[in-house]
Amino acid sequence: MEEIDLNFTVSKLGEGRITSPISGVRFVTDEEHMLYHSDFRELKGYLDAGIKPPCLEKAGPREKIYFDPANLTCGIVTCGGLCPGLNDVIRSITLTLTRQYRVKQVLGFRYGYEGLSSKFNHAPLDLTPEAVGAIHETGGTILGSSRGSQDIPDMVDTLTRLNIGILFAIGGDGTLRGAQAIAQEIARRGLKIGVIGIPKTIDNDISFSQQTFGFDTAGSEARRAINAAHCEAQGARNGVGLVKLMGRDSGFIASFAVLANSQVNFCLVPEVPFKLEALLQALEERLAQRGHAVIVVAEGAGQDLLAQTSECDASGNVRYGDIGIFLRDRIKEHFSQPGRKVELKYIDPSYTIRSLPANAWDSAFCLLLGQYAVHAGLAGRTDMIVAYWNHQGTHVPISSAVSKRKKLDPEGWIWNSVLAITGQPRHLV
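Residues numbered from 1 in each chain as written. Predicted model: local features only at pLDDT ≥ 70, side-chain atom pairs only at ≥ 80, totals over all residues. Heavy atoms only, no water.

Let's shift gears to the overall build of the protein chain. Across its full length, the protein chain carries 12 helices and 17 strands. Computed over its C-alpha atoms, the radius of gyration of the protein chain comes to 23 Å, within 12% of the 22 Å expected for a compact globule of 429 residues. Each principal axis of the C-alpha atoms in the protein chain carries an extent, and together these give about 75 × 55 × 40 Å. A sequence separation of at least 24 residues applies to 78% of the contacts in the protein chain between residues at least 6 apart. Accessible surface computed for the protein chain: about 18500 Å², of which carbon and sulfur atoms make up 48%. The average position of the 44 basic charges and that of the 46 acidic charges among the side chains of the protein chain differ by 2 Å. (Helix = DSSP H or I, 4+ residues; strand = E, 2+ residues; numbered from the N terminus. Rg over C-alpha atoms; globule rule 2.2 N^0.38 Å. Contact = heavy atoms within 4.5 Å. Areas by Shrake-Rupley, 256 points an atom, 1.4 Å probe, with all protein chains shown as cover. Lys, Arg positive; Asp, Glu negative; His and termini not counted. Charge placed at Lys NZ, Arg CZ, Asp CG, Glu CD.)

Quick look at the structure:
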């Protein structure tokens, strides 16, 4: 049995009593669930104890819905850093609401939660099928974004004033915590407003979701940066290509980009500590053997080697030191003696990756997530996110999704595959 809370019960505003206006689809019943565990050994403990295994509610359209679409106004907000696929999700939500459910008005709140705050006075955008027609072809978000929290009661006042029935909040951990606080204030007031989160993080670190949108695009673009680093390293005597990728607390982008490339010699991730001296010694050996090397480091790796700070960003995250610049300078310093000099090229593609349009896989994934979110909202679900588990859409309470960040397992198959393809020592300590 696992110690983490595996209660995935999703809150409802009420029972669905209105016949859905959509047709020609397979409706999902409330009895359909996905098993959390996929390994029989994990399930066996529950079965032997006569306990129902943990399950997640399956996403999809319900035949009976809670809201009357003809009298419904919905809102969409995007928060936090940019991510490939934001416009795709906005478009999917808008088109599903207006074309499938025939909702008359969809409002887009500008610049994150600022758009719900009365003190900023940002006028919402009217999201029509025409307004979102081609937005999936460009990166970023047409709604704009911002970091940081706003006054929760004030935001709920805005939702009430505009007669919003469902708020769709697209963002990462901080955004979802804000959405949870909004849902709790709504419940405290006894209002019937749904809050549905669509998790957005290219770091792929949201718990209880197999994957988040933007991750696939990020991995593909990161591969291009690694290819460039490899070419530069090969083209020089003692050439070193150093690439810093995103990943504050989770090394998924770095690991998958390395697996997709297979030309990297050292992959450094937050989940696996390393010592600078051990890395430099291993790098010396690699250069002596092959004459060039490629290093990929996730932004959250090696933070214990840097000066610590208590300063936080607008989202409440502690500001991390720049491990890429640190390694660049320390490697150059270590190999500064005559006859040992390296030719190091440093590449940081972070903002290039964040601002890209979604690739084909992510675009399709965003379409599905947007549809799942609308189906959940119309069915009266609230204080939840739409997630992806065992290749199926699911509903997860926001409290579960933000309970902890998903991290790479140092003993799992992904990291073991990274070690195999890079040939780096298992322990750089």
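Past the structure itself, the notes keep going.
What follows concerns unusual backbone geometry. Note: most residues except glycine have negative phi, and most peptide bonds are trans. Here the phi dihedral of Ser262 falls at roughly 60 degrees; this positive angle occurs in a residue that is not glycine. Relative to the helices and strands, Ser262 resides in the loop between helix H6 (252-261) and strand E12 (266-268). For Ser262, a relative accessible area of 43% gives the class partly exposed. (Buried < 20%, exposed > 50% of the residue type's maximum accessible area, 1.4 Å probe, protein only.)

With that out of the way, let us pick up helix H2 (residues 86-100). The terminal C-alpha atoms of H2, which comprises 15 residues, lie 21 Å apart, in line with the 21 Å expected from a rise of 1.5 Å per residue. The buried fraction of H2 amounts to 12 of the 15 residues, a majority that puts the element mostly inside the structure. Among the residues of H2, Leu86, Asn87, Asp88, Val89, Ile90, Ser92, Ile93, Thr94, Leu95, Thr96, Leu97 and Thr98 are the ones counted as buried. On its buried face, H2 sits against strand E6 (73-78), strand E7 (105-109), strand E9 (164-171), strand E10 (194-199) and helix H10 (360-378). Looking one or two residues beyond H2, the residue adopting positive phi is Arg102, at roughly 60 degrees. (Expected span 1.5 Å × (residues − 1).)

In this section: the packing of aromatic side chains. Across all of its chains, the model carries 8 aromatic pairs by this definition. Judged by centre distance (5.2 Å) and plane angle (5 degrees), the rings of Tyr36 and Trp389 are stacked. Of the two residues, Tyr36 sits in the loop between strand E3 (33-35) and helix H1 (40-48) while Trp389 sits in strand E16 (residues 384-389), which places them 353 residues apart along the sequence. For Trp389, a relative accessible area of 15% puts it in the buried group. (Phe/Tyr/Trp six-rings, centres within 6.5 Å; stacked < 30°, edge-to-face > 60°.)

This paragraph deals with the sheet that holds strand E13 (residues 292-298). A sheet is described by the order of its strands in space; here 4 strands give the open sequence E12-E13-E11-E14, paired in parallel fashion. Either end of the sheet is taken by a strand with one partner, and the two such strands are E12 and strand E14 (343-347). The sheet shows a mean angle of 15 degrees between the axes of neighbouring strands, direction not considered. Where strand E11 (residues 239-245) meets E14, 5 bridges bridge the pair, whose relative direction is parallel. Opposite Gly241, over in E14, you have Lys345 as the bridge partner. Docked against the sheet, helix H8 (residues 323-334) engages E11, E12, E13 and E14, running at close to 175 degrees with respect to E14. (Pairing = 2+ DSSP bridges. Axes fitted to C-alpha atoms, helices over the stretch in contact; angles between N-to-C directions.)

With that settled, the discussion passes to the environment of Phe326. As for its placement among the helices and strands, Phe326 is situated in helix H8. Among the residues examined, Phe326 registers a relative accessible area of 12% and is labelled buried. Spatially, the C-alpha atom of Phe326 lies 8.9 Å from that of Leu305, the residues being 21 residues apart in sequence. Once residues lying within four places of it in the same chain are set aside, the contact partners of Phe326 are Leu276, Leu305 and Leu306.

Looking now at the side chain of Asp88. Here Asp88 shows up in helix H2. Although Asp88 is buried, it makes no salt bridge; Arg91 carries the closest opposite charge, 6.6 Å away. Every residue in contact with Asp88, bar those within four places of it in the chain, is listed here: His136, Ala358, Ser363 and Cys366. (Salt bridge = Lys/Arg side-chain N within 4 Å of Asp/Glu carboxyl O.)

Here we take up the pairing of E11. For a regular strand, side-chain orientation follows a simple rule: the groups alternate between the two sheet faces. In terms of burial, E11 is largely enclosed, as 7 of its 7 residues are buried. Side-chain alternation along E11 places Gly239, Gly241, Val243 and Leu245 on one buried face and Val240, Leu242 and Lys244 on a second face that is also buried. Bridging between E11 and E13 involves 7 bridges; their strand directions are parallel. Residue pairing for E13: Val243 is matched across the bridge by Val296.

Here the focus is the environment of Ala169. Looking at the secondary structure, you find Ala169 in strand E9. Spatially, the C-alpha atom of Ala169 lies 21 Å from that of Arg102, the residues being 67 residues apart in sequence. Among residues more than four places away in sequence, those in contact with Ala169 are Val77, Tyr113, Thr175, Leu176, Ala179, Ile196, Gly197 and Ile198.

In summary, soluble globular proteins display a tendency toward joint burial of nonpolar side chains. Core analysis: the largest hydrophobic core is formed by 69 residues, its most contacted members being Phe168, Ile198 and Phe213. The leading source of residues in this core is H10, at 8 residues. If you look at the next biggest cluster of nonpolar residues, it comprises 33 residues, including Cys79, Ile164, Ala183 and Ile193. (Core = buried A, V, L, I, M, F, W, Y, C linked by side-chain atoms within 4.5 Å.)

Looking now at the sheet that holds E16. Spatial ordering of the open sheet is given by E3-E4-E17-E16-E10-E9-E6-E7-E8, a layout of 9 strands whose pairing is mixed. Both outer strands of the open sheet, E3 and strand E8 (125-126), are each paired with one neighbouring strand and no more.

A few words on helix H7 (residues 276-290). Under the 1.5 Å per step criterion, the end-to-end length of H7 is 21 Å for 15 residues, consistent within 8% with the ideal 21 Å. Within H7, the full set of buried residues consists of Leu276, Ala278, Leu279, Leu280, Ala282, Leu283, Arg286 and Leu287. Buried residues in H7 make contact with E11, E12, E13 and H8. Just past H7, the residue Gly291 takes up positive phi, approximately 85 degrees.

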